[in-house]
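So the chains spell out like this:
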Amino acid sequence: MTEEGTLQSPGYPRGTEGWDAFQWDRREDCEVRQILDRIADKWSLLVIALLDGAPMRFTELQRAVDGISQRMLTVTLRNLERDGLVHREVYAVIPPRVEYSLTSVGRGLHATVQSLVAWTEENTEYIIRARNEYDRRDDGAVAG
């Protein structure tokens, strides 16, 4: 039974009362763990968020993602393309033009990420208060 106020995203595991949350985390070669590691890194999430609006060229993405190197953006885009989340379109013009866009699965992931961002925004003040309270307690334990 779902607790009142719990958000059920499209990927919500219905009927999994006996579900083991760590079933995917027991083996390093687990596909689910590898996919979660890939999509949860900060560069992938930023690229997915940016591509939700419209297709973008490499240089546009690089300018929009503060702090990402050319090599890291290349690796991120290749990995997202390999996973079927990003589509790479090459236009036969001179000079060649390449645009990146989200696939339908990538758009679905973005919707899930938006839910996480909304939760974070709704709970930011609570988390800041909890951190401050924890730090005060922790500082008192160190000083005492």
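Residues numbered from 1 in each chain as written. Predicted model: local features only at pLDDT ≥ 70, side-chain atom pairs only at ≥ 80, totals over all residues. Heavy atoms only, no water.

1. Details of the pairing of strand β3 (residues 97-102)
Thought 1: With 5 of 6 residues buried, β3 lies mostly within the body of the structure.
Thought 2: Bridge count for strand β1 (residues 56-57) against β3 is 2 bridges, and the pairing is antiparallel. Among the inter-strand pairings, Met-56 is bridged to a residue of β3, identified as Tyr-100.
Thought 3: For strand β2 (residues 86-91) and β3, the ladder comprises 6 bridges, and the chain directions are antiparallel. (Buried < 20%, exposed > 50% of the residue type's maximum accessible area, 1.4 Å probe, protein only. Helix = DSSP H or I, 4+ residues; strand = E, 2+ residues; numbered from the N terminus. Pairing = 2+ DSSP bridges.)

2. Things to note about unusual backbone geometry
Thought 1: In this chain, Ile-94 is followed by Pro-95 through a cis amide linkage whose omega measures -10 degrees.
Thought 2: On the secondary structure map, Pro-95 appears in the loop between β2 and β3.

3. What about the environment of His-87?
Thought 1: Looking at the secondary structure, you find His-87 in strand β2.
Thought 2: For His-87, a relative accessible area of 37% puts it in the partly exposed group.
Thought 3: When the C-alpha atoms of His-87 and Ser-104 are compared, they prove to be 9.7 Å apart, with 17 residues separating the residues in sequence.
Thought 4: Those residues in contact with His-87 that sit more than four places away from it in its chain are Glu-99, Tyr-100, Ser-101 and Thr-103. (Contact = heavy atoms within 4.5 Å.)

4. Some thoughts on the nonpolar core
Thought 1: Ranked by size, the top nonpolar core spans 20 residues in total, and within it Leu-51, Leu-61, Leu-73, Leu-77, Val-86 and Tyr-100 carry the most contacts.
Thought 2: Per-element accounting of this core gives the leading share, 4 residues, to helix α2 (residues 42-51).
Thought 3: Discounting chain neighbours no more than four positions away, the residues touching Tyr-100 are Leu-51, Pro-55, Met-56, Phe-58, Leu-61, Leu-77, Val-86, His-87 and Arg-88. (Core = buried A, V, L, I, M, F, W, Y, C linked by side-chain atoms within 4.5 Å.)

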